[in-house]
Amino acid sequence: MPFVRITLAHGRSLEDRRAMAESVQQALVETAGVPANDFFCAIHELPPEDFRFDPSYLGIARSKELVFVQIVLNAGRTVDVKLALYARIAEKVGQRPGLRHEDVMINLIEVPRENWSFGNGLMSYSPAP
Amino acid sequence: MPFVRITLAHGRSLEDRRAMAESVQQALVETAGVPANDFFCAIHELPPEDFRFDPSYLGIARSKELVFVQIVLNAGRTVDVKLALYARIAEKVGQRPGLRHEDVMINLIEVPRENWSFGNGLMSYSPAP
Amino acid sequence: MPFVRITLAHGRSLEDRRAMAESVQQALVETAGVPANDFFCAIHELPPEDFRFDPSYLGIARSKELVFVQIVLNAGRTVDVKLALYARIAEKVGQRPGLRHEDVMINLIEVPRENWSFGNGLMSYSPAP
C-alpha cells in the first residue's frame, strides 16, 4: 500500500536508483508493518536545475545528491512509528547506495484505507469501521 | 477538480496515453459526479527500471504494462462511490487502450474544497460550511 | 516545509522555470508564514501531449503555457491565508516569468507536522499537541 515517489537530480547509476527503492522498502517493512511484497515505487530523475532546494534549511547541509522520498500510505501510523521509519530510511539508504544522511528528505501523505485499488477494479482494503 | 497523475513505463503510443487519460476522466464523470470539462491530467513516463512494483501483491498478476493512476480530488465521496469509480476506471481503460484489469492501480488523495485555484489567483470552490 | 511540485509542458527556458519556482516561494513566504530558506521545489516538464487540461473549465481561458503548482504543506492555514496565497502566486508568476494569470493552477495537499523529515533521519517538526 505505500506508494513511494522518489525525486532526485539526474546522474545516479541504475544500480544506485534500484538500491534507493529497495532500501526505502526495507525500512517500511522493518518499522511500519508493510508486507515485503507490498512494493511500489516510481523514481523521477530531473535535470539538476529543476530540483531546487535550500542547502542548509534547519541546519542540515544538503548536497546535490539530495533525494526526496514522498510516501503515500494508510493513515494510522503513530508518531513513534514515523520516528522509527525516518531513522531507518536514512540508515538504509546510507548503507545502500551510500547516501549521506543529510541528503535524505522524507514526506508522508496519509490516506484512508478505502483509497486504494491494486488492480482488477477492486477496493483493496476494507474501509476502517 | 480532480487532478489525475498517471505514472507508467515508457513504451505506450501517444494514442494509448491519450486513451488512458480520457478513459479515467470518463469514469470520474460517470461515477463521481465530475463535470466532463473538469479534466486535468499529467502523464509521467518513466524508464521501466524506475517504475518498480511487485508482480503479485494481493494475488494480482501485474505485467510491465502496469499503470498507476493517482487522483487528487475533493473529500466527501462515499465508499460506494469509490467502489464504483475503481470498477469503472478498470472497465474503461480495459476498453481503451485495452489494459488488462490487473494492470490498473489506483490511489485517491482527498483534499478540502478550498484547496484549489483553477486560475486567476482565485479560490475556485467555496469552503465547506 | 512546503514541497512544491510544478508540472508544465516542455518548452519554457531554464530562466523561466527558475523564476516560477522562486515566485511561488516568494508568495509562500509573504502570505503563508514560510521561512525564506524553507525552499524545496521539483519541476516536471512533460511532452505537451502528456499534459492534458480543459481550456475553459470554470470560464477561465487556459493556454498551452498552463502551469500546475501542487504544494504539500502543513495543515492549519486558514481559508483567508489560502485566498491570499493563491492571489499572490498568480501575481508573482505573472511578474516573473510573466505567466498569464489564467495559466496558473494551484492545489494544496495538507499533512500533519510530524510527516516531514528534512534530513538526518529526524522528524523535523514536533507533532501538534
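Data block above holds the structure.
Basis of the calculations
- Residues numbered from 1 in each chain as written.
- Chains lettered and ligands numbered in written order.
- Predicted model: local features only at pLDDT ≥ 70, side-chain atom pairs only at ≥ 80, totals over all residues.
- Helix = DSSP H or I, 4+ residues; strand = E, 2+ residues; numbered from the N terminus.
- Rg over C-alpha atoms; globule rule 2.2 N^0.38 Å.
- Buried ≥ 20, exposed ≤ 12 C-beta atoms within 10 Å, placed from the backbone.
- Contact = placed C-beta atoms within 7 Å.
- Nonpolar A, V, L, I, M, F, W, Y, C, P; charged D, E, K, R; others polar.
- Pairing = 2+ DSSP bridges.
- Least-squares fit on C-alpha atoms with pLDDT ≥ 70 in both.
- Axes fitted to C-alpha atoms, helices over the stretch in contact; angles between N-to-C directions.
- Left-handed = near helix turned anticlockwise from the far one by under 90°.
- Expected span 1.5 Å × (residues − 1).

Visitor: Hey, could you run me through the overall build of chain A in this one?
Guide: In terms of regular secondary structure, chain A is built from two helices and six strands. Mapped from its N terminus to its C terminus, chain A presents α and β elements in the order β-α-β-β-β-α-β-β. Its C-alpha radius of gyration of 15 Å places chain A within 12% of the 14 Å reference for a compact globule of 129 residues. Projected onto its principal axes, the C-alpha coordinates of chain A cover approximately 45 × 30 × 25 Å. When each of the 129 residues of chain A is scored for burial, the buried share is 48%.

Visitor: It is not clear to me how the interface of chain C and chain A should be interpreted in this structure. Could you clarify?
Guide: Listed as interface residues are 27 residues of chain C and, on the opposing side, 32 residues of chain A. Broken down by secondary-structure element, the contributors of at least two residues to the side of chain C that touches chain A are α1 (14-32), β2 (40-46), β5 (104-111) and β6 (116-117) of chain C. Per-element tally for the side of chain C that touches chain A: the top contributor is β2(C), with five residues. Per-class residue counts for the side of chain C that touches chain A are 16 nonpolar, eight polar and three charged.

Visitor: Any chance you could explain the interface of chain A and chain B here in plain terms?
Guide: It is common to give the size of an interface as the accessible area lost on bringing the parts into contact. Facing the 27 residues of chain A at the interface are 32 residues of chain B. Every element with two or more residues in the side of chain A that touches chain B is listed here: α1 (14-32), β2 (40-46), β5 (104-111) and β6 (116-117) of chain A. Ranked by residue count, the leading element in the side of chain A that touches chain B is β2(A), at five residues. Pairing of β6(A) with strand β5 (residues 104-111) of chain B, which is carried by two bridges, proceeds in the antiparallel orientation. Paired with A:S117 across the bridge in β5(B) is B:I106.

Visitor: Quick question: what am I supposed to make of the relation of the copies chain C and chain A here?
Guide: Relating the two copies of this chain is a rotation about some axis coupled with a shift parallel to it. With an RMSD of 0.0 Å, chain C superimposes on chain A once it is rotated by 120 degrees and translated 0.0 Å along the axis. Both copies are brought into coincidence by an operation consistent with a three-fold rotation axis. The share of interface residues of chain C whose copies in chain A are also at the interface is only 7%, consistent with the copies meeting through different surfaces.

Visitor: Help me understand the relation of the copies chain A and chain B, please; the structure alone is not making it clear to me.
Guide: Each copy superposes on the other: chain A lies on chain B with an RMSD of 0.0 Å after a rotation of 120 degrees and an axial shift of 0.0 Å. Little of the interface of chain A is mirrored in chain B: 7% of its interface residues are interface residues there too.

Visitor: Would you explain the packing of α1(A) against helix α2 (residues 79-95) of chain A in this entry?
Guide: Residues and elements named next belong to chain A. Interaxial distance between α1 and α2 falls to 8 Å at its minimum, and their mutual angle equals 145 degrees. With respect to the hand of their crossing, α1 and α2 are arranged in right-handed fashion. Contacts from M20, S23, V24, Q26, A27, L28, E30, T31 and A32 of α1 reach α2 at V81, A84, L85, R88, I89, K92 and V93. Considered class by class, the residues forming the contact of α1 with α2 number 10 nonpolar, three polar and three charged.

Visitor: Honestly, unusual backbone geometry in this entry has me stumped. Any pointers?
Guide: A negative phi angle is the norm for most residues apart from glycine, just as the trans form is the norm for most peptide bonds. All names here are of chain A. With omega at 10 degrees, the peptide bond leading from R96 into P97 counts as cis. Mapping P97 onto the fold places it in the loop between α2 and β5. Despite not being glycine, N120 has its phi angle at roughly 65 degrees, a positive value.

Visitor: How do you make sense of α2(A) when you look at a structure like this?
Guide: At 3.6 residues per turn, the α-helix brings residues three or four places apart onto the same side. In this model α2(A) runs 25 Å from its N-terminal to its C-terminal C-alpha over 17 residues, within 8% of the 24 Å that 1.5 Å per residue would give. On its buried side, α2(A) packs onto α1, β4 (67-74) and β5 of chain A together with β6 of chain C.

Visitor: Would you explain the sheet that holds β2(C) in this entry?
Guide: The six strands are arranged β3(A)-β2(C)-β1(C)-β4(C)-β5(C)-β6(B) in an open sheet whose pairing can be described as mixed. Pairing within the sheet leaves two strands with one partner each, and these edge strands are β3 (51-53) of chain A together with β6 (116-117) of chain B. Relative to strand β4 (residues 67-74) of chain C, strand β1 (residues 3-9) of chain C runs antiparallel, the two sharing six bridges. Bridge assignment links C:V4 to a residue of β4(C), and that residue is C:I71. Across the sheet, α1(C) lies against β3 of chain A together with β1, β2 and β4 of chain C, angled at about 140 degrees from β2(C), the strand it touches most. On the sheet, helix α2 (residues 79-95) of chain C packs against β6 of chain B together with β4 and β5 of chain C and is oriented at approximately 140 degrees with respect to β5(C).

Visitor: Help me understand the sheet that holds β6(C), please; the structure alone is not making it clear to me.
Guide: Pairing within the open sheet is mixed, and its six strands lie in the order β3(B)-β2(A)-β1(A)-β4(A)-β5(A)-β6(C). Edge positions in the open sheet fall to β3 (51-53) of chain B together with β6 of chain C, since each of these has one partner strand only. The pairing of β4(A) with β5(A) spans eight bridges and is classified as parallel. Residue pairing in the sheet places A:V69 in a bridge with A:I106 of β5(A). Here α1(A) sits on the sheet in contact with β1 (3-9), β2 and β4 of chain A together with β3 of chain B, set at roughly 140 degrees to β2(A). Running at roughly 140 degrees to β5(A), α2(A) makes contact with β4 and β5 of chain A together with β6 of chain C of the sheet.

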